[in-house]
Every structure is written in C-alpha cells, then in structure tokens.
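Fold and contact review
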Amino acid sequence: MRRNLLLGNWKQNTTRASALELLGGLKAELEKSPTKTELGVIPPALFIDLAIGQQYTSCFAVGIQNISKTVKGAFTGEIGADMAASAGVKYALVGHSERRAYFNESPEDLAGKLMRCLENNLIPVYCVGEELSDRKTGNYLNVIDAQIKAVLFGLNTKDLNNIIVAYEPIWAIGTGETASAEQAQEVHAFIRNLLANKFGASGSDISILYGGSCKPSNSEELFSQPDIDGGLIGAAALNAQDFIAIANSF
Ligand code: 13P
C-alpha cells in the first residue's frame, strides 16, 4: 500500500557501541522533533536485536540488509527469512546494487530472496538502478525495465501489495551526486507505470523510494515529486540529526 516511508541502510558500518549510540541518538532526535513519517532502520544483522529493543518499537521498524534465497539447511553464513521474521524484522533489502555488483546476485537469486520474504511476511524492498554509462547513453529506462520485469513480473497481483521498490541510481550512491528531482521523478513514474500496466491498481499503489546521496538539503525537493514516496538513505542515516531532518522534510 502506498505510503511515505524512510529507511536507513547502515551498510557495513557501526560497532555494537556506535550502533547503540546511533539508536539512542535517533530516539532523542525523535523526542525533539517528532515525525509523522514511518521510519525503519536497517543495521548490520548482528545489531538488529539492539534496534528491536522495546524502547525503540514506537520509534522505528527494523530491516535486514540481505536475506537467504534458500528456505533452510546447510548454507553456512546465511540468514533465512523465517529467522529474520521470528526476530521481529519487518523489511528486507533485495537487489541492492552493492549486492548485485560485489556478490554477483542474479535475477534468479533475487527472485528466490523475494519469494522467501513473501512466504514469511517480510516486506521486501526491491532495489533497481542504472550505472553512469547507462545514464550517459540514455539507456537507463531500458535497464530499469529489465530489472523490474526480470524479478517482479513473476509475482502474483496480491504479492505486489506487500513489496516496496527503491530506485537507486548507482552513480548517485555514496558519490555526493544526487539525481535531480526531475531525473528521479521520471524513473519513479516509469516504474509505477510499468507496474500499473502489469498489475493494475496493486501496481500503481506501490511505494517507490529514492536512494542515492539523499540528505537534508535535497530531500524536500525529491519528496515533493508526485511519484517519490520516500527514501532509502545510506550515509545520512548514520547521523541521527540528518536522518530525522530528512524524515521531517516530507
Ligand atoms: P547513500 O545515501 O550513501 O548514497 O547510499 C544510498 C544507498 O545505497 C542506500 O541503500
């Protein structure tokens, strides 16, 4: 269901001590400047339990950065969707460009991860985004089209009600270079249209988040676009003040 949402992807950052400090900082910031925006933090898996502590349940939901494509068994190092769900996790990132690029995750892998999430009532956040070369040659909408079709078009219409999409242009991730509001809006509208044509109302009613150097200075303009429903924040999510300032810019 379409709604405003802000997720903070901490990536491979924080230690137990700094994770606790950041969680406490977020709670303190929220007490100073409460927000109506639904929030989620996505810490390293080891620290998920800290974020699910009772003192935070009214502040934010918790996500996981990666999930196994398999159900269970002898897959050393993997975390199953059933495990995450039983630990109180709500969201799972699927298809983040860093996982696609550095861990060779294929569309088949991502389809498996997505299914495991849906079977266990985790909300998958399916990430798509083009490389700088595709942006420069004007091929970017074809890339997005292929990424959406390869993984989401195999779903049932009712599954669409339980997923979120994130558009994260790779050239904007961690580079300080943000997509302009117009660039982001064009792709968000393209994705919504693609999903609406395939899935009807369930497709058009999906939440689509923007990610890529989103920060307090540009979030308001991005979130004012008609097809941008929120953000998937990297670096700025490691700073409690910045993250809550972004949450208050809807
Ligand atoms: P940055 O906000 O650091 O560019 O990262 C975005 C991102 O990859 C979130 O998943």
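This report concerns the structure included in the present document.

This part is about the overall build of the chain. A tally of helices and strands in the chain yields twelve helices and eight strands. Taking 2.2 N^0.38 as the reference for a compact globule, 250 residues should give roughly 18 Å; the C-alpha atoms of the chain span a radius of gyration of 17 Å, in line with that estimate. Taken along the three principal axes of its C-alpha coordinates, the chain extends 45 × 45 × 35 Å. In the chain, which comprises 250 residues, the share counted as buried stands at 52%. Once the 21 positive and 27 negative side-chain charges of the chain are each reduced to a mean point, those two points are 4 Å apart.

To continue, consider the side chain of S202. For S202, the location among the structural elements is in helix α10 (residues 201–204). In terms of polar contacts, S202 uses its side chain to reach the side chain of N161, at 3.3 Å. Apart from the residues lying within four places of it in its own chain, the contact partners of S202 are T157, L160 and N161.

Our focus in this paragraph is the packing of helix α11 (residues 216–223) against helix α12 (residues 240–247). Running from N to C, α11 and α12 point in directions that differ by 20°, and their axes come no closer than 9 Å. The orientation of α11 with respect to α12, classified from their angle, is roughly parallel. The two elements α11 and α12 meet at a crossing, and its hand is right-handed. For the pair formed by α11 and α12, the contact residues are P216, S219 and F223 on the first element and D242, A245 and I246 on the second. Grouping the constituent residues of the contact of α11 with α12 by class yields four nonpolar, one polar and one charged.

For strand β1 (residues 5–9), a buried count of five out of five residues is recorded, marking the element as mostly surrounded by other parts of the structure. Residues L5, L7 and N9 point to one face of β1 and L6 and G8 to the other, with burial holding for every one of them. With helix α1 (residues 16–32) bridging β1 and the parallel strand β2 (residues 38–42), this β-α-β connection has right-handed handedness. For β1 and strand β8 (residues 230–233), the ladder comprises four bridges, and the chain directions are parallel. Each bridged residue has a counterpart across the sheet, and for L6 the counterpart in β8 is G231.

Our next topic: the site of the ligand. The full set close to the ligand counts 13 residues, and K11, E168, G174, S213 and A235 are the nearest of them. Here K11 contributes a side-chain N or O atom positioned 2.8 Å from an oxygen atom of the ligand. Measuring from an oxygen atom of the ligand, one finds a side-chain N or O atom of E168 at 2.9 Å. Here the residues of the shell around the ligand are counted per class, giving five nonpolar, six polar and two charged.

Taking strand neighbours around the barrel as the criterion, the eight strands line up as β1-β2-β3-β4-β5-β6-β7-β8 in a closed arrangement whose pairing is parallel. Neighbour-to-neighbour, the strand axes of this sheet turn through a mean angle of 25°, independent of strand direction. Pairing of strand β5 (residues 123–128) with strand β6 (residues 164–167) involves four bridges; the strand directions are parallel. Each bridged residue has a counterpart across the sheet, and for Y126 the counterpart in β6 is V165.

With that out of the way, let us pick up helix α5 (residues 107–119). Look at α5: 18 Å from first C-alpha to last across 13 residues, which is about the 18 Å you get at 1.5 Å a residue. Of all the residues in α5, the buried ones are D109, L110, G112, K113, L114, R116, C117 and L118. Where α5 is buried, its residues meet α3 (81–86), β4 (91–94), α4 (97–102), β5, α7 (140–152) and α8 (157–160). Of the residues one or two after α5, N121 is the one with positive phi, at around 60°.

Attention now moves to the nonpolar core. Grouped together as the largest cluster of nonpolar side chains are 65 residues, with contacts concentrated most on L152 and I191. Not counting chain neighbours up to four residues away, the residues in contact with L152 comprise L114, Y126, I163, V165, L195 and F199. Listed in part, the 13 residues of the second largest apolar core include L5, A61, L93 and A166.

Criteria and thresholds
Residues numbered from 1 in each chain as written. Predicted model: local features only at pLDDT ≥ 70, side-chain atom pairs only at ≥ 80, totals over all residues. Heavy atoms only, no water. Helix = DSSP H or I, 4+ residues; strand = E, 2+ residues; numbered from the N terminus. Rg over C-alpha atoms; globule rule 2.2 N^0.38 Å. Buried < 20%, exposed > 50% of the residue type's maximum accessible area, 1.4 Å probe, protein only. Lys, Arg positive; Asp, Glu negative; His and termini not counted. Charge placed at Lys NZ, Arg CZ, Asp CG, Glu CD. Polar contact = N/O pair within 3.5 Å; in protein donor to acceptor, adjacent residues only side chain to side chain. Contact = heavy atoms within 4.5 Å. Axes fitted to C-alpha atoms, helices over the stretch in contact; angles between N-to-C directions. Parallel < 35°, antiparallel > 145°, perpendicular 65-115°, else oblique. Left-handed = near helix turned anticlockwise from the far one by under 90°. Nonpolar A, V, L, I, M, F, W, Y, C, P; charged D, E, K, R; others polar. Right-handed = clockwise from strand over helix to strand, strands pointing away. Pairing = 2+ DSSP bridges. Near = heavy atom within 4 Å. Expected span 1.5 Å × (residues − 1). Core = buried A, V, L, I, M, F, W, Y, C linked by side-chain atoms within 4.5 Å.

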